[in-house]
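# Structural overview for review
Residues per chain are reported as follows:
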Protein chains: 2
Amino acid sequence: MSQSPIVLTGDRPTGPLHLGHYVGSLRQRVTLQEQYRQFVMIADAQALTDNMGDLSKVRRNVIEVALDYLAVGLDPAKSTLFIQSQLTELAELSFYLLNLVTVARLERNPTVKEEIRLRGMERDIPAGFLTYPVSQTADITAFKAALVPVGADQAPMIEQCNELVRRFNNCVGKEILVEAQALIPDHGRLVGADGGAKMSKSLGNALALSADSAAIAAFVRSMYTDPNHLRVSDPGQVEGNVVFTYLDVFDPDKAAVEELKDHYRRGGLGDTVLKRRLTEHLEALITPIRERRAQFAQDPAEVMNILRQGTERAREAAAATMSEVKAALGLSYWN
Amino acid sequence: MSQSPIVLTGDRPTGPLHLGHYVGSLRQRVTLQEQYRQFVMIADAQALTDNMGDLSKVRRNVIEVALDYLAVGLDPAKSTLFIQSQLTELAELSFYLLNLVTVARLERNPTVKEEIRLRGMERDIPAGFLTYPVSQTADITAFKAALVPVGADQAPMIEQCNELVRRFNNCVGKEILVEAQALIPDHGRLVGADGGAKMSKSLGNALALSADSAAIAAFVRSMYTDPNHLRVSDPGQVEGNVVFTYLDVFDPDKAAVEELKDHYRRGGLGDTVLKRRLTEHLEALITPIRERRAQFAQDPAEVMNILRQGTERAREAAAATMSEVKAALGLSYWN
């Protein structure tokens, strides 16, 4: 058994993943799987928290997300890809952890507060929504994950997790659960084509990982640049210009990008040239992803089989933790 | 497979059961097991909700409660005796049901409100406490129980349960879970020896089901009667006189008890006579229970084995429901 630290990460299957996911998390995972024991969870049970009215959406997107994982290069031999709902251990661990946190503390969780505000829910939030930091803690601690890649805005969730870990261990008088560390990605969130802070399929500003050449070109064409840069000869603004934001992320030739920025600022450089350059980079990135995705998509049974095997491996790990947890709680009767 | 309605009942293992439990629920279960498919749950996981600071109390009382069950005549061939924590399905079902109830609704639950008030907890209640009506709903619905014996004060819990049942079935568009009916016992709560509304070991006003003759006699001797009935010849008060309250419950000769009441009211009847009569009835009731209890207690391994077999039967039932639940939620991937 490898002693390398454990990483827990994953996504809610509410739609296919897009370029924002790729930059924000997927490409990091492809690196992480080389060094760590990585569990990648398709959080279908979690997704139900606010999709009880559209069950088929969750069901249908499980395989879409799995295809995205395989397409970007997550290797089932290195990363354990699994489906959350198939591990009853996770719900069970949540159940016990719920006794160790007060309602008031959950309500103070900044991530929960922000989500409550965004949805205008107040006290009409579903109980499962208020308690989701506990469920998330169960997901992390069931694998004894030491590292959890999350956006900076999710750091309070890791604090909450560690609070529960300490409380549990203190309660049973043993170090059973393990504190986790947030792994904040190098790049922040990728803006949408419109410059909006959030890339999202529903906002129409996202690029799917299965995008074909035409879609990639259309995506780049739609990008927000500098509305005052009307003629090629005009000086243009680089800051807030989405094409440059993207070149910073996707163009490996940093020096060339800096030169382009200077040129653009002086005037004499048209958006078309820049957009063509970005399109080429995105083509180079996405074409192999799209092709691998299409290949895996031809054999959905094999994809489900990969998930099944991953789920079995994940269950072994979670069951081992739960068996320690229950013994520590005094709830092992027949061993 | 029997088609008789299913009963779900049980106790939190926080201490051995006493005469109050016998009158309030145990003897009813002995009758119910003849007509119904009865599941009797030792709610160890539930007991942890407010016993995380004293884990061994719960652990140690599981077998005490099991001994009480067997002693009063619950027959493992007729009633399925099981340990809650060993059925992960119950925690799993809770997890999904949490999405179907708001925090505000749980806070309005009269039983939860009263408990919060009693414990002076306000918003510092553990989340597991706020959500326990959901957990209770899972316990009931996992067995598709049609009947749940509860005290009158617990009726709101059954309402809450049925609300969740309707919401779940509506959500999945199928009648999967079953509404339950409260079965209020004929006799209300048995008062303590001091006349206090609640018989409780910690209040020192309870009679254990394992009480020996001396303990029974001492219990009856300590009973509150009429403090103004100083001499035998004085007229005495029957109302609030605990000895009469008990004779009403335990003396099968109702006519004789009415005559004794008249005599007591007129004067000329001493407490000693009444207490001797009650002691005899309690002796007759408790002696065989104590003897059976002592017999089972000689073989704790066999008791744990009975619980193990019951737990396996219970798990089959709960797993069948959970498999329907998950299929309905769209979370069955490999069947």
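Rules behind the numbers
- Residues numbered from 1 in each chain as written.
- Chains lettered and ligands numbered in written order.
- Predicted model: local features only at pLDDT ≥ 70, side-chain atom pairs only at ≥ 80, totals over all residues.
- Heavy atoms only, no water.
- UniProt positions renumbered as here; feature names shortened; annotations may be inferred.
- Helix = DSSP H or I, 4+ residues; strand = E, 2+ residues; numbered from the N terminus.
- Contact = heavy atoms within 4.5 Å.
- Buried area = accessible area lost by both parts, 1.4 Å probe.
- Salt bridge = Lys/Arg side-chain N within 4 Å of Asp/Glu carboxyl O.
- Polar contact = N/O pair within 3.5 Å; in protein donor to acceptor, adjacent residues only side chain to side chain.
- Nonpolar A, V, L, I, M, F, W, Y, C, P; charged D, E, K, R; others polar.
- Buried < 20%, exposed > 50% of the residue type's maximum accessible area, 1.4 Å probe, protein only.
- Pairing = 2+ DSSP bridges.
- Right-handed = clockwise from strand over helix to strand, strands pointing away.
- Least-squares fit on C-alpha atoms with pLDDT ≥ 70 in both.
- Core = buried A, V, L, I, M, F, W, Y, C linked by side-chain atoms within 4.5 Å.

Chain A goes by Tryptophan--tRNA ligase in an unreviewed UniProt entry, where it is assigned to Chitinimonas lacunae. Under Sequence similarities (unreviewed entry), UniProt gives the following word-for-word description of chain A: "Belongs to the class-I aminoacyl-tRNA synthetase family."

### Description of the environment of Glu115 of chain A
All names here are of chain A. Tracing the sequence through the fold places Glu115 in helix 6 (residues 110–119). Distance in space between the C-alpha atoms of Glu115 and Phe129 is 9.3 Å, their sequence separation being 14 residues. Residues within four places of Glu115 in sequence aside, it is in contact with Met121, Phe129 and Tyr132.

### Some words on the interface of chain A and chain B
Opposite the 49 residues of chain A that make contact, chain B presents 49 residues. Buried area between chain A and chain B, summed over both chains or domains, comes out near 4,600 Å², and the portion from carbon and sulfur atoms is 65%. Contact with chain B buries area across many residues of chain A, yet Met52, Tyr333 and Trp334 of chain A alone supply 18% of it, more than any other trio. Where chain A packs against chain B, one counts zero salt bridges. Linking chain A with chain B are 20 residue pairs in polar contact (both at pLDDT 80 or more). Elements with a contribution of two residues or more to the side of chain A that touches chain B: helix 2 (44–48), helix 3 (55–72), helix 4 (88–97), helix 5 (103–108), helix 7 (127–130), helix 9 (155–172) and helix 14 (300–328) of chain A. Of the residues assigned to the side of chain A that touches chain B, the class counts are 28 nonpolar, 13 polar and eight charged.

### Topic: the side chain of Asp44 of chain A
If you trace the backbone, Asp44 of chain A turns up in helix 2. A polar contact is formed between the side chain of Asp44 of chain A and the side chain of Tyr333 of chain B, at a distance of 2.6 Å. Among all residues touching Asp44 of chain A, those that are not within four sequence positions of it are Pro13, Val58, Val62, Ile83, Gln84 and Ser85 of chain A together with Leu331 and Tyr333 of chain B.

### Regarding the pairing of strand 2 (residues 37–42) of chain A
Residue and element names in this part refer to chain A. Of all six residues that make up strand 2, five are buried, and the element is covered over most of its length. Judged from the six bridges that link them, strand 1 (residues 6–11) and strand 2 form a sheet pairing that is parallel. What sits directly across from Asp11, in strand 2, is Ile42. Taken together, strand 1, helix 1 (residues 19–35) and strand 2 form a β-α-β motif whose crossover is right-handed. As paired elements, strand 2 and strand 3 (residues 79–83) share five bridges and run parallel to each other. Residue pairing across strands places Phe39 opposite Thr80, the latter belonging to strand 3.

### Description of the pattern of salt bridges
Residues and elements named next belong to chain B. Counted under the stated rule, the structure contains 38 salt bridges over all chains. Lys261 serves as the salt-bridge partner of Glu258, at 3.3 Å between the closest nitrogen and oxygen. With Glu258 and Lys261 both in helix 12 (residues 254–266), this residue pair falls three residues apart, about one helical turn. Taking the relative accessible area as the measure of exposure, Glu258 reaches 42% and is therefore partly exposed. Since its relative accessible area comes to 9%, Lys261 is described here as buried. Residue Arg265 is joined to Asp262 by a salt bridge in which the shortest nitrogen-to-oxygen separation is 3.6 Å. A residue pair is termed a helical-turn pair when its members lie 3 or 4 positions apart in one helix, as Arg265 and Asp262 do in helix 12 at three residues.

### A few points about the relation of the copies chain A and chain B
Between the two copies, chain A and chain B, the superposition gives an RMSD of 0.0 Å; the rotation angle is 180° and the shift along the axis is 0.0 Å. Such a combination of rotation and displacement between the chain copies is what one expects of a two-fold axis. In this assembly, 100% of the residues forming the interface of chain A have copies in chain B that are likewise at the interface, indicating an isologous arrangement.

### Regarding the environment of Gly73 of chain A
Residue and element names in this part refer to chain A. In this fold, Gly73 is placed in the loop between helix 3 and strand 3. With relative accessibility at 25%, the residue Gly73 sits in the partly exposed group. Here the alpha-carbon distance between Gly73 and Thr31, two residues 42 residues apart in the chain, equals 9.6 Å.

### Points about the nonpolar core
For soluble globular proteins, the rule of thumb is that nonpolar side chains tend to be buried together. If you look at the biggest cluster of nonpolar residues, it comprises 218 residues, and the most contacted ones within it are Leu19, Phe143, Tyr246 and Leu329 of chain A together with Phe143, Tyr246 and Leu329 of chain B. Non-local contacts of Leu329 of chain A, meaning those with residues more than four positions away in its chain, are made with Tyr96, Phe168 and Val172 of chain A together with Leu48, Met52 and Leu55 of chain B.

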